[in-house]
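Spelled out from the first residue to the last, the chains are:
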Amino acid sequence: MRNHHHHPYRSLKEWHAGQREQRKRARWIPYSLRWEGGGFLRIFPQIIVSGIFAALICLGLEFKGDEHMLHSPILFPVFGFVVGLAITFRMQSSYSRWWDGRTQWDRVSAVSRSFARTLWLHVPDIPITPESRETIMRKEEVIRCVHTLAVALKHHLRGEREWHECHDLKHGVDHVPNYNLTATNHPLTLTLHLSTAIESYRTLGHPQIDTQVLTHLLTHIDTLTSILSACERLLRTPIPLGYNIAISRIVWIFIFTLPGQLWAELRWWSVAVTGVTAYALFALAEVGLEIENPWGEGPNDLDLDRYCNLLALDLDEIMAFPRAGKATESIASSSSTISLRAGHGRERFGDLVDVGVGEEAV
């Protein structure tokens with residue numbers, strides 16, 4: 001599990017200051033001496049099995065003689081080259097998926113900011129009166145819904161479906177009018193609420209929303225929907241099982257034949273060399289397996305909690321910007337009307353989110 005060190009920040013300026021302070025206090029530890037994220041404990045049994053098998057092979061050669069060892073100056077390098085290709089394919093495929101996941105989440109952040117900026121500055125307000133029968137989301141609530149969509153996507157990709165696993169999502173949807181709490185795909189449901197809100201601004205706004213602005217907002221909602229589909233593709237389409245089985249068998253065959261190749265030159269040192277080689281190959285394969293799905297909570301997975309919290313601060317900055325024809329004090333007041341959790345009054349995004357200070361300095 002990722003080690004979270006979260007502290008409350010009220011603005012991006014405070015967050016950056018906290019980042020600098022964290023880097024000053026962090027102890028520099030070389031990557032070669034770090035345990036977390038390397039997957040050593042998960043591959044330790046495989047290393048032990050490799051060492052025991054190498055010891056048995058060396059013991060047999062010690063009693064039977066060198067004439068029984070399998071040594072080929074041509075076949076072994078060729079087979080080693082095949083193992084290298086297999087591991088390289090595994091790592092490149094997994095890293096490509098990991099980076100694709102990071103790219104998709106970057107698009108979530110960029111589209112959310114652009115949507116909020118356009119809505120905040122270019123869409124006229126709808127006068128809401130007590131006599132109004134329409135359920136209309138204020139701009140602040142719509143922007144809050146954008147952040148809730150990012151939080152919903154985080155839990156959706158992690159497979160967290162129960163409300164006790166999604167406290168932050170529950171607090172977010174509590175502010176969405178007529179939200180269906182029994183929905184099975186919360187990110188998709190929230191895009192429907194965003195579309196409904198934009199339609200309300202189109203039909204009820206005075207003056208009416210500009211056509212280009214309307215197109216811009218609807219395009220962003222379409223983009224969020226396509227991002228949801230792309231993230232689900234990464235989640236539900238793993239690397240084919242046949243590749244993983246073939247690569248695993250190739251690595252094990254190489255490890256099992258390695259002691260016989262090394263016995264003539266290294267004798268009993270072949271056991272140690274086999275163990276080190278097993279660690280190198282299995283560690284690379286294990287990291288590739290872990291980052292194949294970047295949506296978890298491990299040290300090698302994407303820090304979605306931190307991304308969502310930073311997005312909340314960004315949206316808070318947007319709502320603090322004065323709109324044309326509005327006084328700065330009025331905007332500051334109107335941007336502080338969304339409560340992120342039950343029991344809180346008029347508070348800003350930044351007052352209620354904890355933003356991770358980042359990874360340990362390298």
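Cut-offs used in this document
Note on numbering: residues in each chain are counted from 1, in written sequence order. With pLDDT at 70 or above as the cut-off, local features in this predicted model cover only qualifying residues; side-chain atom pairs require 80 or more to be listed or tallied, and sums for whole chains, interfaces and linings still use all residues. Side-chain descriptors were evaluated using all non-hydrogen atoms of the structure, hydrogens and water having been removed beforehand. Here a helix means four or more residues in a row that DSSP labels H or I, a strand means two or more in a row labelled E, and each is numbered from the N terminus. Classification of residues uses two cut-offs on accessible area relative to the type maximum, computed with a 1.4 Å probe and protein chains only: under 20% is buried, over 50% is exposed, and between them is partly exposed. The Shrake-Rupley method, run with a 1.4 Å probe sphere, supplies the accessible areas, and residue values consider only the shown protein chains as cover. Here a helix's expected span is defined as the number of its residues, less one, multiplied by 1.5 Å. Contacts: residue pairs with any heavy atoms within 4.5 Å of one another. Any two rings among Phe, Tyr and Trp, with Trp reduced to its six-membered ring, count as a pair given centres within 6.5 Å; such a pair is stacked if its planes are under 30 degrees apart, edge-to-face if over 60, and tilted if neither. Salt bridge criterion: a side-chain nitrogen from Lys or Arg within 4 Å of a carboxyl oxygen from Asp or Glu. Within 3.5 Å is the distance limit for a polar contact, defined as a pair of N or O atoms, with the added protein rule that one can donate a hydrogen and the other accept it, and that residues adjacent in sequence qualify only through two side-chain atoms. Patch membership is restricted to residues that have no salt bridge and whose relative accessible area is over 30%. Joining uses 9 Å for like charges and 5 Å for the nonpolar side chains Val, Leu, Ile, Met, Phe, Trp and Tyr. Working convention: axes come from line fits to C-alpha atoms, limited for helices to the stretch in contact. Angles between N-to-C directions cover 0 to 180 degrees. Handedness of a helix crossing follows the sense of rotation of the near helix relative to the far helix, less than a right angle counterclockwise being left-handed and clockwise being right-handed. Roughly parallel here means an angle under 35 degrees, roughly antiparallel means over 145, roughly perpendicular means 65 to 115, and every remaining angle is called oblique. Charged means Asp, Glu, Lys or Arg here, nonpolar means Ala, Val, Leu, Ile, Met, Phe, Trp, Tyr, Cys or Pro, and polar covers whatever is left, Gly included. Working definition of a nonpolar core: buried Ala, Val, Leu, Ile, Met, Phe, Trp, Tyr and Cys residues. They are joined through side-chain atoms within 4.5 Å.

(A) Examining the overall build of the protein chain more closely. Scanning the protein chain from N- to C-terminus turns up 12 helices and 2 strands. N-terminal to C-terminal, the α/β element order of the protein chain is β-α-α-α-α-α-α-α-α-α-α-α-α-β. Of all 362 residues assigned to the protein chain, the portion counted as buried reaches 43%. For the protein chain, the exposed area adds up to about 19400 Å²; of that, 60% sits on carbon and sulfur atoms.

(B) Geometry of helix α9 (residues 269–291). Helix length check: α9 (23 residues) gives 34 Å between terminal C-alpha atoms against 33 Å at 1.5 Å per residue, within 8%. Residues of α9 that are buried: Ser270, Thr274, Gly275, Ala278, Leu281, Phe282, Ala283, Glu286, Gly288, Glu290 and Ile291.

(C) How the structure looks around the side chain of threonine 189. Its place among the elements puts threonine 189 in helix α6 (residues 186–204). The contacts of threonine 189, once residues within four sequence positions are left out, are Tyr179 and Ala183.

(D) Summary view of the packing of aromatic side chains. Overall, the coordinates contain 7 aromatic pairs when judged by the stated rule. Taken together, a centroid distance of 5.7 Å and an interplanar angle of 20 degrees make the contact between tyrosine 95 and tryptophan 98 stacked. Taken together, the residues span about one helical turn, with tyrosine 95 and tryptophan 98 both in helix α3 (residues 75–122) at a distance of 3 residues. Each residue in the set Phe53, Trp252, Phe256 and Phe282 is aromatic and connected to the rest through ring pairs, giving one cluster.

(E) Focus on the pattern of salt bridges. Going through the model one piece at a time under the given rule, you end up with 15 salt bridges. The shortest N-O distance in the salt bridge between aspartate 305 and arginine 158 comes to 3.2 Å. Of the two residues, aspartate 305 is situated in helix α10 (residues 304–319) and arginine 158 in helix α4 (residues 139–158); the sequence distance between them amounts to 147 residues. According to the relative accessible area criterion, aspartate 305 is buried, its value standing at 14%. Arginine 236 serves as the salt-bridge partner of glutamate 232, at 3.6 Å between the closest nitrogen and oxygen. Here glutamate 232 and its partner arginine 236 are both found in helix α7 (residues 211–236), 4 residues apart, which amounts to about one turn of the helix. Look at arginine 236 and you get exposed, because its relative accessible area is 55%. Residues joined in a network through salt bridges with shared partners are Lys154, Arg158, Asp168, Glu297 and Asp305.

(F) Up close: α6. For α6, with 19 residues, the first-to-last C-alpha span of 27 Å sits near the 27 Å given by 1.5 Å per residue. For α6, the set of buried residues is His186, Pro187, Thr189, Leu190, Thr191, His193, Leu194, Ala197, Ile198, Ser200 and Tyr201. With a side-chain oxygen lying 3.3 Å from the backbone nitrogen of leucine 188, the N-terminal cap of α6 falls on asparagine 185.

(G) Highlighting unusual backbone geometry. Positive phi outside glycine occurs at asparagine 178, with the angle close to 55 degrees. Within the secondary structure, asparagine 178 is located in the loop between α5 (167–173) and α6. At arginine 267, a position not held by glycine, the phi torsion is positive, near 55 degrees. Position of arginine 267 relative to the elements: it lies in the loop between α8 (241–266) and α9. Classification of arginine 267 as partly exposed rests on a relative accessible area of 33%.

(H) Representation of a nonpolar patch on the surface in the model. A cluster of nonpolar side chains, Phe44, Ile48, Ile52, Leu56, Leu59, Phe63 and Trp268, forms an exposed patch at the surface whose accessible area comes to about 730 Å². For isoleucine 48, the location among the structural elements is in helix α2 (residues 40–64). The class for isoleucine 48 is partly exposed, based on a relative accessible area of 37%.

(I) How the structure looks around the packing of α2 against α8. Relative orientation of the contacting elements α2 and α8 amounts to 35 degrees, with a least axis distance of 9 Å. The element α2 and its partner α8 pack so that their crossing is right-handed. Listed contacts from α8 to Gln46, Val49, Ser50, Phe53, Ala54, Ile57, Cys58, Leu61 and Glu62 of α2 are Trp252, Ile255, Phe256, Pro259, Gly260 and Trp263.

(J) Examining the packing of α2 against α9 more closely. As a packed pair, α2 and α9 sit with axes 8 Å apart at the nearest point and diverge in direction by 150 degrees. Compared by their axis directions, α2 and α9 come out roughly antiparallel. Classified by chirality, the crossing of α9 by α2 is right-handed. Side by side, α2 and α9 meet where Phe40, Arg42, Ile43, Gln46, Ile47, Ser50, Gly51, Ala54, Ala55 and Cys58 of the first sit next to Ser270, Val271, Thr274, Gly275, Ala278, Tyr279, Phe282, Ala283, Glu286 and Glu290 of the second. Per-class residue counts for the contact of α2 with α9 are 11 nonpolar, 6 polar and 3 charged.

(K) Spotlight on the nonpolar core. Counting 52 residues, the largest nonpolar core has Trp105, Phe115, Leu119, Val142, Leu194, Leu217 and Trp295 as the members making the most contacts within it. When contributions to this core are tallied by element, the ones reaching two or more residues are α3, α4, α5, α6, α7 and α10. Looking at this core, the element that brings in the most residues is α4, giving 10 residues. For tryptophan 295, the residues in contact, after removing those within four places along its chain, are Gly101, Trp105, Leu157, Arg158, Cys231, Leu234, Leu235, Asp301, Leu302 and Leu304.

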